[in-house]
Amino acid sequence: MAREHVCPWWMIHTFDNPVRRLFHDPEKMLGPYLRQGGRAADIGCGIGFFTLGLARLAGDSGRVYAMDLQEKMLAGVERRAQRAGLAERIETRRVGADNLGAKDLTGSLDLVLAFWMLHEVPDQEAFLRQAKDLLKPGGLFYLAEPRMHVKAKEFEESLRLAGGLGMRLSERPEVRLSRGAVLAA
Ligand SMILES: C[S@@+](CC[C@H](N)C(=O)[O-])C[C@H]1O[C@@H](n2cnc3c(N)ncnc32)[C@H](O)[C@@H]1O
């Protein structure tokens with residue numbers, strides 16, 4: 001089920017561009033799941049399309065961890081965060097393909113977002129376990145996968161893996177061009 005392919009940094013602007021706002025509005029989509037002062041991670045953040053929205057929702061007292069495999073993606077997040085005056089709320093972290101290396105965040109987050117990235121992860125179960133470990137009890141895991149690359153059956157298999165780790169399906173939000181689910185830890 002997992003694919004070897006990782007989105008290359010030079011391809012990110014094909015979908016992270018102003019047109020995307022017409023169908024993905026980060027604050028509207030994620031507003032119901034993160035309050036002011038909240039703590040979130042955007043794993044597989046790319047150049048931060050959702051990271052900035054999360055930082056706006058989290059407010060001055062909140063914190064957002066932007067995690068990605070690729071340094072060039074994280075550099076893009078940092079540039080955008082500076083420009084938007086949101087750098088104080090965002091911490092970028094380079095992670096390994098199978099290791100988030102984020103033990104210091106265990107049980108501390110309100111929301112973990114994995115948007116259009118899970119199908120690129122080599123070991124989904126190991127990834128989901130680590131994502132769940134970051135959440136507070138009752139914290140939320142927002143998963144969205146691209147319809148173009150992930151079949152319904154594959155998405156259901158990811159949800160089954162998450163269920164096996166003790167995450168409870170809480171909602172199936174409508175996410176344009178995507179299959180989406182929100183699970184509670
Ligand atoms: C298709 S892009 C999506 C970026 C962003 N979430 C968005 O919606 O604009 C997938 C991103 O996930 C990252 N990625 C892939 N596998 C990863 C892994 N195992 N851990 C963390 N990031 C990963 C890639 O480097 C890439 O930046």
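Residues numbered from 1 in each chain as written. Predicted model: local features only at pLDDT ≥ 70, side-chain atom pairs only at ≥ 80, totals over all residues.

Trainee: Before we go on, may I ask you to explain the packing of helix α4 (residues 124-134) against helix α5 (residues 152-164) in this structure?
Mentor: Interaxial distance between α4 and α5 falls to 9 Å at its minimum, and their mutual angle equals 50 degrees. When the axes of α4 and α5 are compared, the pair comes out oblique. Regarding α4 and α5, the two cross each other, and that crossing is right-handed. Between α4 and α5, the contacting residues are Gln124, Glu125 and Leu128 on the first element and Ser158, Leu161 and Ala162 on the second. The class makeup of the residues in the contact of α4 with α5 is three nonpolar, two polar and one charged. (Axes fitted to C-alpha atoms, helices over the stretch in contact; angles between N-to-C directions. Helix = DSSP H or I, 4+ residues; strand = E, 2+ residues; numbered from the N terminus. Parallel < 35°, antiparallel > 145°, perpendicular 65-115°, else oblique. Left-handed = near helix turned anticlockwise from the far one by under 90°. Contact = placed C-beta atoms within 7 Å. Nonpolar A, V, L, I, M, F, W, Y, C, P; charged D, E, K, R; others polar.)

Trainee: Would you mind going over the site of the ligand with me for this structure?
Mentor: The local shell around the ligand holds 21 residues, among which Cys7, Gly44, Gly46, Met117 and Glu120 are the closest. Those elements that place two or more of their residues in the shell around the ligand are α2 (49-58) and β2 (63-68). Tallied by class, residues from the shell around the ligand come to 15 nonpolar, three polar and three charged. (Near = placed C-beta within 6 Å.)

Trainee: Would you mind showing me how to read the environment of Gln82 here?
Mentor: In this structure, Gln82 sits in helix α3 (residues 71-83). Along the backbone, Gln82 and Asp104 are 22 residues apart, and their C-alpha atoms lie at a distance of 25 Å.

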